[in-house]
Amino acid sequence: GSVEMIRFDMFLSRDVSSYKKSLMMNKKVHIVFIFLLLLLCASLFFLMKSDMLFTPDFGLSDAYHGNMSDKYHLSYSLKQNKLPFWTDVLQGGDPFLAGWQTGGLFGINVLVLKLFSFNHAYNLLIIINFFLLSVGFYLLLKEFGISPLVSFLISISFAFNGAVSLRLIHFSIIQTFSLCPLLFYTAIKFVHTQRKIFILLFPIILSQMIFAGFVQIVFMIIIGLLLFIFFYLKIERKYNIQKWYYSYGLLLGVIAIGILFAMPQILPSLELGGMIPRNLQLDYDTVTSF
């Protein structure tokens, strides 16, 4: 009996050792593919860094008349170590940061627009959108057990598909959506591991999505995430209803915390929205004429 026990212990130790080696190997493979995604995006930046993206849009251009000019004013202010809460260069004066789509409190905007010249910064922000989309989707697929190579190929397809690459003129939409896969990834990781780091990351990512500027996208993503996690937990936690309630309740809690983190953007934007006589500018016939 003692001999058989020794043999079993030897087998078990070999099994654990091979499992750990397999995990380390997979981790290295994932790092390599994430580095390749970074390399791909970096090469795109060096191809387009001297040019500004400008594409005609409905009537005029959202890029030229909206997103690009907003980001230029934000860049100019940040280089003077100021946040443009108010500007006197638009109409008779305007609460600049209160505008939803200015992205003035979005951390990546603040860092990139302050450190780089505007044309390089604007293009770099576009490249960062591609990188966040591809890496976030790669991590999400990895969490579902998809092989690294397939995850790599699908994440590239997802990041550069026509719904994204042909709408770069709608900058704030793409920038907000770029964090969507990472938000889903942190939610799934929390469900799997219950680690506190993901409880912390989730509201930070959610608040940054709101700061990026297109709150309609955030609303739809939250609804989609709640529905997805609801059915996902039904499958994962069907054997333990208490864990299901705990996980889903905590998810609702961190969503509320993320919204609270974003209040510096939400409150002034709601106040400004209540003062805009939009119906005097855009009647139904004008809007539907496009």
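These notes cover the structure that comes with them. Position numbers for residues start from 1 in each chain and track the written sequence from start to end. Note on the predicted model: pLDDT of at least 70 is required for a residue's local features to be given, and 80 or more for side-chain atom pairs to be given and counted; whole-chain, interface and lining totals, by contrast, use all residues. Here the side-chain values reflect all heavy atoms present in the structure, with hydrogen atoms and water set aside.

Remarks on the nonpolar core
Now for step 1: One finds Leu183, Phe202, Leu225, Ile229 and Leu251 to be the most contacted residues of the largest nonpolar core, which totals 73 residues.
Now for step 2: Helix numbering and strand numbering both begin at the N terminus, where a helix is a DSSP run of H or I of at least 4 residues and a strand a DSSP run of E of at least 2. Per-element accounting of this core gives the leading share, 17 residues, to helix α4 (residues 118–143).
Now for step 3: The residues contacting Leu225, other than those within four sequence positions of it, are Leu183, Phe184, Ala187, Phe202 and Leu251. Nonpolar cores are built from buried Ala, Val, Leu, Ile, Met, Phe, Trp, Tyr and Cys residues. Side-chain atoms within 4.5 Å join them into one set. Relative accessibility decides the category of a residue: with a 1.4 Å probe and only protein chains considered, values under 20% of the type maximum give buried, values over 50% give exposed, and everything between is partly exposed. Contact between two residues is taken to exist if any of their heavy atoms lie within 4.5 Å; hydrogens are not considered.

Let's talk about unusual backbone geometry
Now for step 1: Positive phi, normally seen in glycine, also occurs at Asn81, with a value near 60°.
Now for step 2: Topologically, Asn81 is positioned in the loop between α2 (62–79) and α3 (107–115).
Now for step 3: Its relative accessible area of 63% is what places Asn81 among the exposed residues.

Some thoughts on a nonpolar patch on the surface
Now for step 1: Residues Ile197, Leu200, Leu201, Ile204, Ile257, Leu260 and Phe261 make up a contiguous nonpolar surface patch of about 590 Å² in total accessible area.
Now for step 2: Going through the elements one at a time, α9 (196–212) and α11 (241–261) are the ones with two or more residues in the nonpolar patch.
Now for step 3: For the nonpolar patch, the element with the most residues is α9, which contributes 4 residues.
Now for step 4: With respect to the secondary-structure elements, Leu260 resides in helix α11.
Now for step 5: Take Leu260: its relative accessible area is 56%, and that puts it in the exposed class. Residues enter patches when their relative accessible area tops 30% and they take part in no salt bridge; the joining distance is 9 Å for like charges and 5 Å for the nonpolar side chains Val, Leu, Ile, Met, Phe, Trp and Tyr. Methods summary: accessible areas were calculated by the Shrake-Rupley approach with a probe of 1.4 Å, and residue burial reflects only the protein chains presented. The salt bridge criterion pairs a side-chain nitrogen of Lys or Arg with a carboxyl oxygen of Asp or Glu, the two atoms within 4 Å.

So, the packing of helix α8 (residues 180–193) against α9
Now for step 1: For the pair α8 and α9, interaxial distance at closest approach is 9 Å and the crossing angle is 160°. Classified by the angle between their axes, α8 and α9 sit roughly antiparallel to one another. Here the hand of the crossing between α8 and α9 comes out left-handed. For the pair α8 and α9, contact is made by Cys180, Leu182, Leu183, Tyr185, Thr186, Ala187, Lys189, Phe190 and Thr193 and by Phe198, Ile199, Leu201, Phe202, Ile205, Leu206 and Met209, respectively.
Now for step 2: All amino acids are sorted into three groups, where Ala, Val, Leu, Ile, Met, Phe, Trp, Tyr, Cys and Pro are nonpolar, Asp, Glu, Lys and Arg are charged, and the leftover types, Gly among them, are polar. In the contact of α8 with α9, the residues fall into 13 nonpolar, 2 polar and 1 charged. Think of each axis as a best-fit line through the C-alpha atoms, taken over the contacting stretch in the case of a helix, with angles from 0 to 180 degrees between the N-to-C directions. The cut-offs work like this: below 35 degrees is roughly parallel, past 145 is roughly antiparallel, 65 to 115 is roughly perpendicular, and the gaps in between are oblique. For any pair of crossing helices, the crossing counts as left-handed if the nearer helix is rotated counterclockwise from the farther one by less than a right angle, and right-handed if it is rotated clockwise.

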